[in-house]
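Residue strings, one per chain:
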Protein chains: 2
Amino acid sequence: MSIQESDVKNEVTDKYSLRGRVFQKLRDDILDGRYAQHEELREVAIGEELGVSRTPVREAFRQLELEGLIQIIPNKGAYVTGITADDVKDIYMIRSKLEGLCARWAVENITKELIEELEENIYLSDFHAAKGHHEQMAELDNRFHEILYEACNSKMLKHLLNDYHQYVLRVRRKTLSNQARSSASINEHRMIMEAIIAKDADKAEQLANMHILNAFDNIVKNGLYEVYATKSTNSDDK
Amino acid sequence: MSIQESDVKNEVTDKYSLRGRVFQKLRDDILDGRYAQHEELREVAIGEELGVSRTPVREAFRQLELEGLIQIIPNKGAYVTGITADDVKDIYMIRSKLEGLCARWAVENITKELIEELEENIYLSDFHAAKGHHEQMAELDNRFHEILYEACNSKMLKHLLNDYHQYVLRVRRKTLSNQARSSASINEHRMIMEAIIAKDADKAEQLANMHILNAFDNIVKNGLYEVYATKSTNSDDK
DNA sequence: ATCGGTATCATTGTATACAATAATACCGAT
DNA sequence: ATCGGTATTATTGTATACAATGATACCGAT
């Protein structure tokens, strides 16, 4: 197997190294709002908490910085940046554009195999929707998007969308699973797939745009959006 | 000065730490194509080359991985991913959408101060264009976009666009500075600014979209686009 | 000659030791 | 009491030592 085929998940998660575990733990904690805005993270403290030395902690810090979740001031410290309600909104708006682009590119580049995967995905989604299997539906929802990321045939876009998808997964954990939205979502998936198969790039892009905006609407409507800090702006705490 | 005000550049560059230097050096080398695709980077070798120990090298590796420039396979090694001609194209297409979004948001959020900065930027650009000062014009061009990133008032979008801007800076280093394109570019900047001032979000977005696409066209026309590897593996390119 | 297995080596992963920097406390001069 | 400056401490930055893992070479059995 060539290098670039290897599972993209490993890029970041790396479940079995200490660094990977520290990274995941900190990212989850930050995205779940368990740290205050601008809270300082000390290497030894985090290390002791997780039973590891400073080395993996430092490496995790460097990654979190690039994800924009903490800010490192040289020789001074690491401060959590977290994400605010405004950030969540921005992420969805950005994702809307990018998923649109992804769907557009998929029209040109999708393979037969991936089309089949999409079809299977929709088919299974209908099944689990009828049964009310929320767990499986969430999984299939993720997978639908991941298939498209693969199908667009762009390393850059895939990488970017995967990153944002990570954020979204966490946000969604906090939102009620909403029966009505689930079936609407599947139908939107179906329409996107059909537009791609029909090679209608404009329609695919537009549908994908709307799909993400609808998902965001749903989050706002369910109100769980409020768990995130409102833009702290300043006059700062701490 | 509060934390979030501090210079966003430091997030990544950190010129004065060893890790920062290693990171920059490796990123530059990779983006300039000085490594072969899939070449393995060994920690000790890089460290010796730069006269540092493995620690800063490893931290830099972790960052490069998140930037997508190398892939790290746990317990095995780090392999450069580089960017191909296709990647450059994708970056510009993605940037087109994002800069459009940025301009749209700037319409709502731009401050008087930033509007004045934009006006000054255009004014100075005209001056240096007339004099043929390429260095200053490139600087002003960057700055124009950075002002917009600030003006959109979105931490997420700003962060993202700054990242891509880094790529673009390197790509542009390789492209001829083209007199005709320079003046066209300034005019496009002017029109974007005017649309923002006129609070015409649709127009601002559309102009910003086109501005980036035009910049890419120029790169392709100048042919220096070919310095990058063509997509290595799969049969098809886009 | 090929296969399987083991030993050796190279390389990464982690912990710790040391150096440099920044924050704090303390002390004296005014 | 306040200000400036120095000593001390806490914390990060870097180097090195050790552990674990994967790659390679060697060797014997078939």
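All values derive from a computational prediction rather than experimental measurement.

Q: Just give me the short version of the nonpolar core, but keep the residues and values in it.
A: Counting residues in hydrophobic clusters, the biggest one holds 118 residues, and the most contacted among them are Ile-94 of chain A together with Ile-94 of chain B. Leave out the neighbours within four places in its chain, and Ile-94 of chain A touches Tyr-164 of chain A together with Leu-98, Leu-101, Trp-105, Met-156, Leu-157 and Leu-160 of chain B.

Q: Which residues make up the protein's contact with DNA strand C, and what are the values?
A: Taken together, 19 residues form the shell around DNA strand C, and within it Leu-18, Ser-53, Thr-55 and Lys-76 of chain A together with Arg-58 of chain B come nearest. Residue Asn-75 of chain B places a main-chain N or O atom 3.1 Å away from a phosphate oxygen belonging to DNA strand C.

Q: How would you explain the protein's contact with DNA strand D if you had to name every residue and give the values?
A: Among the 19 residues in the neighbourhood of DNA strand D, the closest are listed as Arg-54 and Arg-58 of chain A together with Leu-18, Ser-53 and Thr-55 of chain B. One of the side-chain nitrogen or oxygen atoms of Arg-54 of chain A is found 2.8 Å away from a base nitrogen of DNA strand D. One of the side-chain nitrogen or oxygen atoms of Arg-58 of chain A is found 2.7 Å away from a phosphate oxygen of DNA strand D. Mapped onto the surface near DNA strand D, the elements with two or more residues apiece are α3 (54–66) of chain A together with α1 (18–31) and α3 (54–67) of chain B.

Q: So what about the pairing of strand β2 (residues 70–73) of chain B? Which residues, and what values?
A: Residues and elements named next belong to chain B. With 4 bridges joining them, β2 and strand β3 (residues 77–80) adopt antiparallel strand pairing. The residue of β3 that forms the bridge with Gln-71 is Tyr-79. Here β2 folds back onto β3, and the loop between the two strands holds 3 residues, one of which, Asn-75, carries a positive phi near 65 degrees.

Q: Describe the packing of aromatic side chains, naming the residues involved and giving the relevant values.
A: All chains considered together, the criterion is met by 4 aromatic pairs over all chains. Ring geometry for Tyr-164 of chain A and Tyr-167 of chain A: centres 6.1 Å apart, planes at 35 degrees, overall tilted. Placement of the pair is Tyr-164 of chain A and Tyr-167 of chain A together in helix α7 (residues 155–174), with a separation of 3 residues, close to one helical turn. Each member of the pair Tyr-164 of chain A and Tyr-167 of chain A is classed as buried. Here the aromatic rings of Tyr-92 of chain B and Phe-216 of chain B are separated by 5.4 Å at their centres, their planes lie at 35 degrees, and the arrangement is tilted. Taken together, the residues Tyr-92 of chain B in helix α4 (residues 85–109) and Phe-216 of chain B in helix α9 (residues 201–222) connect sequence positions 124 residues apart. Accessibility classification places Tyr-92 of chain B together with Phe-216 of chain B in one group, the buried group. For the cation-ring pair, Arg-95 of chain B lies above Tyr-92 of chain B, with the distance from its terminal atom to the ring centre recorded as 6.0 Å.

What counts, and at which threshold
Residues numbered from 1 in each chain as written. Chains lettered and ligands numbered in written order. Predicted model: local features only at pLDDT ≥ 70, side-chain atom pairs only at ≥ 80, totals over all residues. Heavy atoms only, no water. Core = buried A, V, L, I, M, F, W, Y, C linked by side-chain atoms within 4.5 Å. Buried < 20%, exposed > 50% of the residue type's maximum accessible area, 1.4 Å probe, protein only. Contact = heavy atoms within 4.5 Å. Near = heavy atom within 4 Å. Polar contact = N/O pair within 3.5 Å; in protein donor to acceptor, adjacent residues only side chain to side chain. Helix = DSSP H or I, 4+ residues; strand = E, 2+ residues; numbered from the N terminus. Pairing = 2+ DSSP bridges. Phe/Tyr/Trp six-rings, centres within 6.5 Å; stacked < 30°, edge-to-face > 60°. Lys NZ or Arg CZ within 6 Å of the ring centre and 35° of its normal.

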